[in-house]
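# Coordinate inspection notes
Here is how the chains run, residue by residue.
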Amino acid sequence: MQDFECSPAVDLAGEVARRRTFAIISHPDAGKTTLTEKLLLYGGAIHLAGAVRARKHRRRATSDWMALEQERGISITTTALPFEHAGHILNLLDTPGHQDFSEDTYRTLTAVDSAVMVLDSAKGIEPQTLKLFEVCRSRRIPILTFVNKLDHVGREPLDLLDEIERVLGLGAVPMNWPIGQGVDFQGVYDIAARQVLRFQRTDRNERRSPVVALELGDPRLAEEIGQGPARALRDDIALLATAGARFDPDAFLAGKVSPVFFGSALNNFGVEPFLAALVDLAPRPTARRSDRGPIDPASDTFSGFVFKIQANMDPQHRDCMAFVRVCSGRFHRDMVVHHQRLGRQMRLTRPHRLFARERETVAEAFPGDVVGLVNPGLFAIGDTLSDGEPLRFDAVPRFEPECFAVLHNRAVAKHKQFHRGLAQLEQEGAIQVLVAADAAQRELVLAAVGELQFDVVVARLATEYGVQSSTERLPFRTARWVIGDAPAIAQVYWPYAGVLRLRDRDGRLVVLFHSERDADFCAEKNPDVELQRLT
């Protein structure tokens, strides 16, 4: 971990100004985790970049610390990765790309001030990219775009810019321009600096790429990149000068345009200038909405909210960590805060700064920072903490489950470990645990946004709690809370296709339906009860 320095006499406004808190979003396999690694490399947080699909003797991706992530080469859970670069503190939140883990990503987007959207140059806008973009749009999160994989043959840059504008309704302003693609990809032209940046490959792409900077009119350009590429680049730049849009910082901060950068995260081409632009363009922490109005990050009173719970990040500790986004004021160790949901005061004695699965005790933190608090069962996703007048930030979204499965404990002798592990996994918010409404049955049913969450539960129960389990998929597709008095519920006319009656952790009646149509039919036929979605 890097050591962050702060002056003894803290300048709160200055500390806010040097924070950049952002998430990286993409469709699976667009290169999100690779770009994360390379930003850490160029930011000085790591010295060698690990390959995502590493062999057994090679390094793993820093952000993918969970065993199942390393096994499958995908991101399953959001990771906090703070690092210092060019006098700024960057808080990078690497999010899962797979749609089955999108709930974690959506919640993380409530804790950032900007986002980096990674696109595959050959595929452009993909389904999960579109979904995540809509979440950013709804929250007015400014987006920087990194078009990745220029080391492979892909689509024409102008075609990709057109698709961003046409599909997303977002102005796309190129900030650099690629020189070739595939095996002919040599670097980028920085439009603002008017410089050709020719990169050189390094061994295994683990270290920073040497770069040669030339002016567009430099006679050495043709010698450096070739006559054909030099002529094509000059033609492209001339076209952009007459037909391209100018970058408007205000429109970017309003979420109306996106600066677009081209490069190859795998080969390190274009990563360094993108990191510099990220520091320059991404917004500092801004005011956050609450029931007391917008909360200014530079206000004297501390406030923050829990956006994520994660158990067993460090096998040596086997504890549960609450991720808190600092929204205003100065956070310091041992401070007493008001816990809004519990309506009580509490002392924060063991705060940590997190870097993937690593942790270290932190003495203070500022707006934009993410602090880890050991959770003895007092914190839940969405909780607001403050040391001034009690307040409540806007709720963190919870999404409706669409997949259901019976969970079987294959290690009956480990009953306690099984239920302790399941309780902690439910607390993280990735699944909901339901039990049969009939007290005579003891089946446990998992409800999740995506089916891969069931594989995660089975894998984590085995690796973190030593319990073997299995899941059995159920044919239901939607669920409703049933609200009403007992006589009315007893008289409910259920759909012919059948339902499954369950209860959640709070004892509320939950009914699973085979389809949305069945749920709507049931609501229409039973006006004396209310069917509510599990959101």
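Figured I'd write up the structure that's included with this text. Each chain has its residues counted from 1, running along the sequence as written. With pLDDT at 70 or above as the cut-off, local features in this predicted model cover only qualifying residues; side-chain atom pairs require 80 or more to be listed or tallied, and sums for whole chains, interfaces and linings still use all residues. Side-chain figures throughout are based on the complete set of non-hydrogen atoms in the structure, without hydrogens or water.

### Thoughts on the overall build of the protein chain
The cut-off we apply is this: Secondary structure elements are defined from DSSP: runs of H or I of at least 4 residues count as helices, runs of E of at least 2 residues count as strands, and each element is numbered from the N terminus. Atoms considered for the radius of gyration are the C-alpha atoms alone. The globule rule reads 2.2 Å times the number of residues to the power 0.38. A simple rule labels every residue: compare its accessible area, found with a 1.4 Å probe on the protein chains alone, to the largest value its type can have, and call it buried under 20%, exposed over 50%, or partly exposed in between. Any pair of residues with heavy atoms lying within 4.5 Å of one another is described as a contacting pair. Only the protein chains shown count as cover for residues, with accessible areas throughout obtained via the Shrake-Rupley method and a probe of 1.4 Å. Charge assignment: positive for Lys and Arg, negative for Asp and Glu; neither His nor the chain ends contribute. Taken as the charge location is NZ of Lys, CZ of Arg, CG of Asp or CD of Glu.
Assigned secondary structure in the protein chain consists of 14 helices and 29 strands. Computed over C-alpha atoms, the radius of gyration of the protein chain comes to 25 Å, within 12% of the 24 Å expected from 2.2 N^0.38 for 535 residues, which places it in the range of a compact globule. Each principal axis of the C-alpha atoms in the protein chain carries an extent, and together these give about 85 × 55 × 50 Å. Counting over 535 residues, the protein chain shows a buried share of 55%. Sequence-distant contacts in the protein chain: of pairs separated by 6 or more residues, those separated by 24 or more amount to 70%. For the protein chain, the exposed area adds up to about 23400 Å²; of that, 48% sits on carbon and sulfur atoms. Positive and negative charge centroids in the protein chain, built from 66 and 71 side chains respectively, lie 4 Å apart.

### Section: unusual backbone geometry
At Arg-140, a residue that is not glycine, the phi angle is positive and equals roughly 55°. A positive phi angle is found at Asn-268, which is not glycine, with a value near 70°. Of note, Asn-268 is situated in the loop between strand S11 (257-262) and helix H10 (271-281). Asn-268 sits in the buried class, given a relative accessible area of 0%.

### Section: the pairing of strand S24 (residues 444-448)
What counts here: Strand pairing is assigned whenever DSSP identifies at least 2 bridges connecting the two strands.
Counted residue by residue, S24 has five buried out of five residues, so it is predominantly covered. Bridging between strand S22 (residues 403-409) and S24 involves five bridges; their strand directions are antiparallel. Bridging from a neighbouring strand, Val-406 pairs with Val-445 of S24. Sheet topology places strand S23 (residues 431-436) next to S24; five bridges connect them, and they run antiparallel. In the strand pairing of S24, Val-433 is matched with Leu-446.

### Some thoughts on the sheet that holds strand S8 (residues 187-190)
Using the following cut-off: Fitted lines through C-alpha atoms serve as axes, helices being fitted only where they are in contact, and the angles separating the N-to-C directions of these axes extend from 0 to 180 degrees.
With antiparallel pairing, the four strands of this open sheet are ordered in space as S7-S8-S9-S10. Each edge of the open sheet carries a strand with a single partner, namely strand S7 (176-179) and strand S10 (211-215). Ignoring which end each strand starts from, the neighbouring axes of this sheet average 25° apart. As paired strands, strand S9 (residues 195-199) and S10 are joined by five bridges and run antiparallel to one another. Bridge pairing links Phe-199 to Val-211 in S10.

### As for the sheet that holds strand S17 (residues 351-355)
As a general point, the strands of a sheet are linked pairwise by backbone hydrogen bonds and lie either parallel or antiparallel. Judged by pairing direction, the sheet is antiparallel, and its eight strands sit side by side in the order S16-S15-S21-S12-S13-S20-S17-S18 without closing on themselves. For this open sheet the edge positions go to strand S16 (344-347) and strand S18 (358-361), each flanked by a neighbour on one side alone. Ignoring strand direction, the axes of neighbouring strands in this sheet form an average angle of 40°. Bridge count between S17 and S18: four bridges; the pairing is antiparallel. Considered in S18, the bridge of Leu-354 is made with Arg-359.

### What about the nonpolar core?
Cut-off, in case you're wondering: Side-chain atoms within 4.5 Å are what join buried Ala, Val, Leu, Ile, Met, Phe, Trp, Tyr and Cys residues into a set we call a nonpolar core.
Ranked by size, the top nonpolar core spans 59 residues in total, and within it Leu-109, Ile-164, Trp-177, Val-196, Leu-233, Phe-262 and Phe-323 carry the most contacts. Once residues lying within four places of it in the same chain are set aside, the contact partners of Ile-164 are Leu-119, Ile-125, Thr-145, Gly-169, Leu-170, Ala-172 and Val-260. Counting residues in each nonpolar core, the second largest holds 36 residues, with Val-362, Phe-418, Leu-422 and Leu-461 among its members.

### Some points on the environment of Leu-90
Relative to the elements of secondary structure, Leu-90 occurs in strand S3 (residues 88-94). Under the relative-accessibility criterion, Leu-90 is labelled buried at 0%. Through-space distance from the C-alpha of Leu-90 to that of Arg-398 is 27 Å; in sequence the pair is 308 residues apart. Residue contacts for Leu-90: discarding those within four places in its chain leaves Arg-20, Phe-22, Leu-81, Pro-82, Phe-83, His-85, Leu-275, Leu-278 and Val-279.

### Looking at the pattern of salt bridges
Basically, it comes down to this: Salt bridge, as applied in this entry: a Lys or Arg side-chain nitrogen positioned within 4 Å of an Asp or Glu carboxyl oxygen.
Taken as a whole, this structure holds 32 salt bridges when the rule is applied. We note a salt bridge from Glu-84 to Arg-18, for which the minimum N-O separation is 3.2 Å. Of this pair, Glu-84 sits in strand S2 (residues 79-85) while Arg-18 sits in the loop between helix H1 (12-17) and strand S1 (19-26), placing them 66 residues apart in sequence. Residue Glu-84 is classed as partly exposed on the basis of its relative accessible area of 22%. The class for Arg-18 is buried, based on a relative accessible area of 14%. Notably, a salt bridge pairs Glu-163 with Arg-155, separated by 3.2 Å at the nearest N-O pair. Relative accessible area serves as the criterion here: at 11%, Glu-163 is assigned to the buried category.

### Structural notes on the environment of Ala-405
With respect to the helices, strands and loops of the structure, Ala-405 is situated in strand S22. The buried category is assigned to Ala-405, whose relative accessible area is 0%. In this structure, the C-alpha to C-alpha distance between Ala-405 and Phe-262, residues 143 residues apart in sequence, is 43 Å.

### A look at helix H14 (residues 516-525)
Cut-off, in case you're wondering: Each direction from the helix axis to a C-beta atom contributes to the arc, which is the arc of those directions.
Along H14, the positions that sit buried rather than exposed are Asp-518, Ala-519 and Cys-522. Looking straight down H14, one finds that the buried residues subtend no more than 100° of arc, so they occupy a single side. Every exposed residue of H14 that faces more than 90 degrees away from the buried side is listed here: Arg-517 and Glu-524. The inward-facing, buried residues of H14 abut strand S26 (478-483), strand S28 (509-513) and strand S29 (530-533).

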